[in-house]
Amino acid sequence: MEVTARAAPNGQAPRCDHVDVPVAEQGLPECTECLVRGWPWTRLLACLTCGWVACSDDSPGGHAKAHYQETDHPVFASLEPGESWRWCYVHGRTV
């Protein structure tokens, strides 16, 4: 898939079109893959496409990235209290 960059004001990164997905209702605040294996997680992320909740890349399982690789669902949002960032796996950056 080819990603084209749009011009952005003030030297900012080009806008990410992947954030325009309708936000799905998220699942329970737990990484089921880690629970099955008895692994801890560092933080939880929710897939904006389908609502799947998984651990972040800095967790032992990295299940959010695995979900992206299996489904091509590009954007995840942090579920941590006080955090509002989103990560686009296509662009490899916060959006």
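Residues numbered from 1 in each chain as written. Predicted model: local features only at pLDDT ≥ 70, side-chain atom pairs only at ≥ 80, totals over all residues. Heavy atoms only, no water.

1. Here we look at helix 2 (residues 63-71)
Among all positions in helix 2, only His63, Ala64, His67 and Tyr68 are buried. Here the buried residues of helix 2 occupy an arc of 150° about the axis, which is enough to place them on one side. Exposed residues lying more than 90 degrees from the buried face of helix 2 are Gln69 and Glu70. Elements in contact with the buried residues of helix 2: helix 1 (32-37), strand 1 (44-47), strand 2 (53-55) and strand 3 (75-78). Immediately downstream of helix 2, the backbone of Asp72 shows phi near 65°, a positive value. (Buried < 20%, exposed > 50% of the residue type's maximum accessible area, 1.4 Å probe, protein only. Helix = DSSP H or I, 4+ residues; strand = E, 2+ residues; numbered from the N terminus. Arc of directions from axis to C-beta. Contact = heavy atoms within 4.5 Å.)

2. What to know about the pairing of strand 3
Across the two faces of strand 3 the burial is the same, with Val75 and Ala77 and Phe76 and Ser78 all buried. Of the strand pairs in this sheet, strand 1 and strand 3 are connected by 3 bridges, and their pairing is antiparallel. Its bridge partner being in strand 3, Leu45 is matched across the sheet by Ser78. Strand direction decides the pairing type here: strand 3 and strand 4 (residues 86-88), joined by 3 bridges, are antiparallel. Opposite Val75, over in strand 4, you have Cys88 as the bridge partner. (Pairing = 2+ DSSP bridges.)

3. Quick word on the side chain of His67
Note on placement: His67 falls in helix 2. Assessed through its relative accessible area of 9%, His67 is described here as buried.

4. Some points on the sheet that holds strand 5 (residues 93-94)
Spatially, 2-1-3-4-5 is the arrangement adopted by the 5 strands of the open sheet, whose pairing is antiparallel. Of all the strands in the sheet, just strand 2 and strand 5 have a single pairing partner and so form its edges. Pairing of strand 1 with strand 2, which is carried by 3 bridges, proceeds in the antiparallel orientation. Bridge pairing in strand 2 links Leu45 to Ala54. Packed onto the sheet, helix 2 meets strand 1, strand 2 and strand 3 and runs at close to 120° relative to strand 2. (Axes fitted to C-alpha atoms, helices over the stretch in contact; angles between N-to-C directions.)

No statement about biological role is implied by the geometric values presented.
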